[in-house]
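Structure at a glance
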Amino acid sequence: MMLLPFRVAPLAALVTLFFTHTAYAQDATGAPEAPAAKSVEDVPVRLYALEEIQEAARAHAASLTVADASIRAAEWKQFQADWAWSPKLQANAFIAPVPAETDVNNVGANIDEFLALNIGPFFRQTVNVVLPLYTFGRIDAARRLAELNVRSSKLERRKAELELHHQLTQAYWGLKLARSFTQMLSDGDELVKENIEEME
């Protein structure tokens, strides 16, 4: 297992540091003293394994979150397709104020009834029941398409996960290689300086 050092600055430490140093100390003359700057060396160094980085990335990757949402949407459509053969009950309700004594031949009288607030409720409710007897193969086709949609969404999720794994692995080993080259150049520079000093 390979480890790489990363400097960690937790959010809690930054918030605590901010609120601690907002109140400046007063010196003898009463002038506020500037807070002491925290050096980079004081920040703790933690070693991360490649597996830890990949696990953290999978837990917070936006692409995987979107892929999971697509899978849930596809599964819901599959559920709808599986139950497309079931009876469907549709109920509609309608309520409106109407004149208490409605005269269809006298619109003016109806308006007078409204102005006099002599109105009452009109309520209507309808219920429809739909039972698919024969759909010419549309339900079976919808089921197959929904199943393919679920499989496609899962494959897209796997693709996004592999792309994330590839990018993290490439960045990890690229950083390790760059640090190795930096160390090699530093060692070579020291060796050249030693040889020059010996020749002088």
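Above: the structure in question.
Every chain is numbered on its own, with residues counted from 1 as its sequence reads. Residues qualify for local features only when their pLDDT is at least 70, as the model is predicted, and side-chain atom pairs are given and counted only at 80 or more; totals for whole chains, interfaces and linings, by contrast, use all residues. Working from all heavy atoms in the structure, the side-chain values ignore hydrogens and water.

Quick word on the overall build of the protein
Going along the chain from the N terminus, every DSSP run of H or I of four or more residues is numbered as a helix, and every run of E of two or more is numbered as a strand. Scanning the protein for helices and strands turns up five helices and four strands. Counting helices and strands in the order they occur from the N terminus, the protein gives β-α-β-α-α-β-α-β-α.

Re helix 5 (residues 138-199)
Helix length check: helix 5, at 62 residues, gives a terminal C-alpha distance of 90 Å against a target of 92 Å (1.5 Å per residue), a fit within 8%. Each residue is assigned to one of three classes by its accessible area relative to the maximum for its type, calculated with a 1.4 Å probe on protein chains only: buried under 20%, partly exposed between the two thresholds, exposed over 50%. Every buried residue belonging to helix 5 is among Ile139, Ala146, Val150, Ser153, Ala160, Glu161, Leu164, Leu168, Thr169 and Tyr172, and all of these are buried. Expected helix span is given by 1.5 Å per residue-to-residue step, counting one fewer step than there are residues.

Notes on the environment of Gln54
As for its placement among the helices and strands, Gln54 is situated in helix 2 (residues 50-60). Classification of Gln54 by relative accessible area gives buried; the value is 8%. For the pair Gln54 and Thr169, spaced 115 residues apart in sequence, the C-alpha separation works out to 8.4 Å. Sequence-distant contacts of Gln54, defined by excluding residues within four places in its chain, comprise His165, Leu168 and Thr169. Here, two residues are considered to be in contact whenever any of their heavy atoms come within 4.5 Å of each other.

Considering a nonpolar patch on the surface
In this scheme, patches are assembled from residues that exceed 30% relative accessible area and form no salt bridge. Like charges are connected within 9 Å, while nonpolar side chains (Val, Leu, Ile, Met, Phe, Trp, Tyr) are connected within 5 Å. Method for areas: the Shrake-Rupley scheme with a 1.4 Å probe, in which residue coverage is limited to the protein chains shown. When a carboxyl oxygen of Asp or Glu is within 4 Å of a side-chain nitrogen of Lys or Arg, the pair counts as a salt bridge. A cluster of nonpolar side chains, Trp76, Phe79, Trp83 and Trp85, forms an exposed patch at the surface whose accessible area comes to about 490 Å². Checked against the element boundaries, Trp85 lands in the loop between helix 3 (62-82) and strand 3 (88-99). Residue classification places Trp85 among the partly exposed residues on the basis of a relative accessible area of 42%.

Details of the packing of aromatic side chains
We call Phe, Tyr and Trp rings a pair once their centres come within 6.5 Å, taking the six-membered ring for Trp, and we label the pair stacked below 30 degrees between planes, edge-to-face above 60, and tilted otherwise. Applying the stated criterion across every chain yields a total of five aromatic pairs. With a centroid separation of 5.4 Å and 80° between ring planes, the pair formed by Tyr172 and Trp173 is classed as edge-to-face. Under the relative-accessibility criterion, Trp173 is labelled partly exposed at 40%. Three or more aromatic residues joined by ring pairs make a cluster, and in this case those are Trp76, Phe79, Trp83 and Trp85.

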